[in-house]
2 protein chains.
Amino acid sequence: MKIRVGIFGYGNLARGAECAINASPDMELVAVFTRRDPKSLKIATESAAVMSADDVLSMKGKIDVMIVCGGSATDLPHQTPMLAEHFNVIDSFDTHAKIGEHFAAVEGAARKGGTVALISAGWDPGMFSLARLYAEAVLPNGKDYTFWGKGVSQGHSDAIRRVEGVLDAKQYTVPVDAALEAVRSGSCPELSTREKHTRECYVVAKDGADLKKIENDIKTMPNYFADYDTTVNFITEEELREKHSGIPHGGFVIRTGRTGKNGEHSHVIEYSLKLDSNPEFTASVIAAYARAVFRMAKEGSVGCKSVFDVPPAYLSEKSSFELMTSIL
Amino acid sequence: MKIRVGIFGYGNLARGAECAINASPDMELVAVFTRRDPKSLKIATESAAVMSADDVLSMKGKIDVMIVCGGSATDLPHQTPMLAEHFNVIDSFDTHAKIGEHFAAVEGAARKGGTVALISAGWDPGMFSLARLYAEAVLPNGKDYTFWGKGVSQGHSDAIRRVEGVLDAKQYTVPVDAALEAVRSGSCPELSTREKHTRECYVVAKDGADLKKIENDIKTMPNYFADYDTTVNFITEEELREKHSGIPHGGFVIRTGRTGKNGEHSHVIEYSLKLDSNPEFTASVIAAYARAVFRMAKEGSVGCKSVFDVPPAYLSEKSSFELMTSIL
């Protein structure tokens, strides 16, 4: 009996989730729910239904875990609680500052529905959060640092596209090597925003646009670019398509800490990701946690959870004993 | 009310555990149990008792978690089950091939005693096992590799010390850079034992010993050195003491895997440790898991566990909500 999975929404993340489910022998995709006309949507899994988001409740009892693939800004704050009243759900809510608020809404809905809802699965929040938690617990006398990249920031790319005279753009966040090395040395440096990351922009300008002005508008944009060393490269549409169409990302979580009677010994814990496809990797994490959600629900758990609440064994298809004797 | 911790045994690992407990505001060391004459043992914690191992049962009910610090070869196989009948316990049993057997013995004892027993905490098994499990669950279509070092192997150092003509020795296990790079490239290479690690030996010979013979005896030693590229450096006692008295270690767990409809995207997950003191870091992991054992026991859990069974949040002093809103 496979775990019956639903996908709510059908963008990049959802397509990644579809791949991840199909790569998992113990899971099957039952249905994709879309706000578009279901007839207009062609999905990769022939055996799965494409249904209108409006009809999602008709599948109550027929889906073990619903993967909610909306955006964190406007979709998930209402989609995840709405669905958690009727299904076990998992999302990748990634607005760090609003996780407490999201938790409260989802917790209420999951308690009401008697379901398990896991929020903020992915890699940050997600695998990076785990790296931070484990490292802090093991080396309490220490300090951790998170670096992102090299990778595409969708939000920053969008911000550039809104600049007057810009046709299209891609922005890469790049960790500064010298900062990484300073952190690894165990010196616990205080690093400014500017010292940790640089921002590389590849911009296609409209015909006749003022390139100097575009560059200045980008570099001085508050919150997005003003606090960073930013480089702006103007390229053609062809070059953007050929060299910058991927969605790579990754990063580093590094904690250094001291042990011993007088803190005489230093230790470095480093966790890093290098990802060709940000949405597909995020979706792969979600698929593994969907398995955990199913198991927790089967055991009688109820309520809103995060990756911190999930025993690692629940992510694997293997039994606890098999894990213990094979990869422990 | 602090978590009352006992330490059974008092070698390098136990001294590290003592430091880790004293660095944790929510824990207190109650007693150290030794097979030596308790009067002969001076420990770092003035408030803790030093007691004979024979009197350990007199502390039943007064210790929340017992950290068992014996060796995996001959101590832990009987100490951990013996103690698990009366106390919540944690050990660092690290003979990978015998974990199933150890589990069975400890599980029986913990069920009988109604206790929680966590076995094989540390970094390998332990943090590295977690890195392997998470990476495999998230990237099922992939392959992982574990490299150890650069670090001191106690077992290999001991093996050299048993060679005729050797006064003292230290052995370092060193991962091969080219192998690490090949793994990170995502090419999933098949690597022989020789290709993954080299072994560096620093040997103090007895006066008049046959150095050529010692070198040959080491390099041809089955299981320990014959399958590796081994270098033997003869040094003086002073140099061994000055430059090789530490117990550093570390290593890398790297998994590469593919996602996408046709596996078109490649990903690299890497977890690494660089440790000045192997026993102190191992003990720090154990202290964090001792906190988890206490919580699981309080919740009514019973039986033998591994790090795979422990929700990460249980390792932290912080509440689940605090974790969610601070480091998730």
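Here goes a summary of the coordinates provided.

The rules we used
Residues numbered from 1 in each chain as written. Chains lettered and ligands numbered in written order. Predicted model: local features only at pLDDT ≥ 70, side-chain atom pairs only at ≥ 80, totals over all residues. Heavy atoms only, no water. Helix = DSSP H or I, 4+ residues; strand = E, 2+ residues; numbered from the N terminus. Rg over C-alpha atoms; globule rule 2.2 N^0.38 Å. Buried < 20%, exposed > 50% of the residue type's maximum accessible area, 1.4 Å probe, protein only. Contact = heavy atoms within 4.5 Å. Areas by Shrake-Rupley, 256 points an atom, 1.4 Å probe, with all protein chains shown as cover. Lys, Arg positive; Asp, Glu negative; His and termini not counted. Charge placed at Lys NZ, Arg CZ, Asp CG, Glu CD. Pairing = 2+ DSSP bridges. Axes fitted to C-alpha atoms, helices over the stretch in contact; angles between N-to-C directions. Least-squares fit on C-alpha atoms with pLDDT ≥ 70 in both. Parallel < 35°, antiparallel > 145°, perpendicular 65-115°, else oblique. Left-handed = near helix turned anticlockwise from the far one by under 90°. Nonpolar A, V, L, I, M, F, W, Y, C, P; charged D, E, K, R; others polar. Core = buried A, V, L, I, M, F, W, Y, C linked by side-chain atoms within 4.5 Å. Expected span 1.5 Å × (residues − 1). Buried area = accessible area lost by both parts, 1.4 Å probe. Salt bridge = Lys/Arg side-chain N within 4 Å of Asp/Glu carboxyl O. Polar contact = N/O pair within 3.5 Å; in protein donor to acceptor, adjacent residues only side chain to side chain.

**Focus: the overall build of chain A**
Across its full length, chain A holds 11 helices and 14 strands. A compact globule built from 328 residues would reach a C-alpha radius of gyration of about 20 Å, and chain A, at 22 Å, matches this within 12%. Taken along its principal axes, the extent of the C-alpha atoms in chain A is 65 × 60 × 35 Å. Within chain A, buried positions represent 58% of all 328 residues. For chain A, restricting intrachain contacts to residue pairs at least 6 apart in sequence, the fraction spanning at least 24 positions comes to 67%. For chain A, the accessible area works out to roughly 13700 Å², and carbon and sulfur atoms hold 49% of it. Positive and negative side-chain charges in chain A, numbering 37 and 43 respectively, have mean positions lying 3 Å apart.

**What about the sheet that holds strand β12 (residues 249–259) of chain B?**
Across the sheet, 6 strands lie side by side as β7(A)-β12(A)-β13(A)-β13(B)-β12(B)-β7(B); this open sheet has antiparallel pairing. Unpaired on one side and paired on the other, β7 (142–148) of chain A together with β7 (142–148) of chain B mark the two borders of the sheet. Strand after strand, the sheet turns through a mean of 10 degrees between neighbouring axes, direction not considered. Inspection of the sheet shows strand β12 (residues 249–259) of chain A paired to strand β13 (residues 265–275) of chain A by 11 bridges, in the antiparallel sense. Bridging across to β13(A), A:Gly250 finds its partner in A:Lys274. Each of β7, β12 and β13 of chain A touches helix α4 (residues 127–138) of chain A; the most contacted strand, β12(A), lies at about 5 degrees to it.

**Observations regarding unusual backbone geometry**
In this structure, A:Pro125 follows A:Asp124 across a cis peptide bond, with omega equal to 5 degrees. Even without being a glycine, B:Ser120 presents a positive backbone phi close to 65 degrees. Residue placement: B:Ser120 occurs in the loop between β6 (116–118) and α4 (127–138).

**Let's talk about the sheet that holds strand β8 (residues 151–152) of chain B**
Residues and elements named next belong to chain B. Reading across the sheet, the 4 strands line up as β8-β9-β10-β11 and stay open at both edges, with mixed pairing between neighbours. One side of each edge strand has no neighbouring strand; the edge strands of this open sheet are β8 and β11 (229–234). The strands that helix α5 (residues 154–161) touches are β8, β9 (166–175) and β10 (197–205); relative to β9, the one it contacts most, it runs at about 145 degrees. Against the sheet, helix α8 (residues 211–219) makes contact with β9, β10 and β11, and its axis sits at roughly 150 degrees relative to β11, the strand it touches most.

**Quick word on the relation of the copies chain B and chain A**
Each copy superposes on the other: chain B lies on chain A with an RMSD of 0.0 Å after a rotation of 180 degrees and an axial shift of 0.0 Å. Look at the turn and shift together and you get a two-fold axis relating the two.

**Focus on the packing of helix α1 (residues 12–22) of chain A against helix α10 (residues 278–298) of chain A**
All names here are of chain A. Close contact between α1 and α10 brings their axes to 8 Å; oriented N to C, the two are set at 55 degrees. Judged by the inter-axis angle, α1 sits oblique to α10. Both α1 and α10 take part in a crossing whose hand is right-handed. Side by side, α1 and α10 meet where Asn12, Leu13, Gly16, Ala17 and Ala20 of the first sit next to Pro279, Glu280, Thr282, Ala283, Ser284, Ile286 and Ala287 of the second. Of the residues in the contact of α1 with α10, the class split is 7 nonpolar, 4 polar and 1 charged.

**A look at the nonpolar core**
Grouped together as the largest cluster of nonpolar side chains are 166 residues, with contacts concentrated most on A:Phe281, A:Tyr289, B:Phe281 and B:Tyr289. Leave out the neighbours within four places in its chain, and A:Phe281 touches A:Trp123, A:Met127, A:Leu273, A:Leu275, B:Val138, B:Leu139, B:His267 and B:Ile269.

**A short note on α4(A)**
Residues and elements named next belong to chain A. For α4, spanning 12 residues, the distance from its first C-alpha to its last is 17 Å, which sits close to the expected 16 Å at 1.5 Å a residue. Among the 12 residues of α4, 12 are classified as buried, and the element is accordingly described as predominantly covered. The set of residues buried in α4 consists of Met127, Phe128, Ser129, Leu130, Ala131, Arg132, Leu133, Tyr134, Ala135, Glu136, Ala137 and Val138.

**Overview of the interface of chain B and chain A**
Between chain B and chain A, the residue contacts involve 61 residues of the former and 61 residues of the latter. Summed over both sides, the interface between chain B and chain A buries roughly 5400 Å², with carbon and sulfur atoms accounting for 68% of that surface. Its largest share of buried area at the contact with chain A, chain B owes to B:Tyr134, B:Met324 and B:Leu328, together 15% of the area lost on that side. Applying the counting rule to chain B against chain A returns 2 salt bridges. B:Glu136 is the partner of A:Lys318 in a salt bridge, and the nearest nitrogen-oxygen pair spans 3.0 Å. For the pair chain B and chain A, the number of links is 27 residue pairs in polar contact (both at pLDDT 80 or more). Broken down by secondary-structure element, the contributors of at least two residues to the side of chain B that touches chain A are α3 (99–113), α4, β13 (265–275), α10 (278–298) and α11 (320–326) of chain B. The biggest single contributor to the side of chain B that touches chain A is β13(B), with 11 residues.

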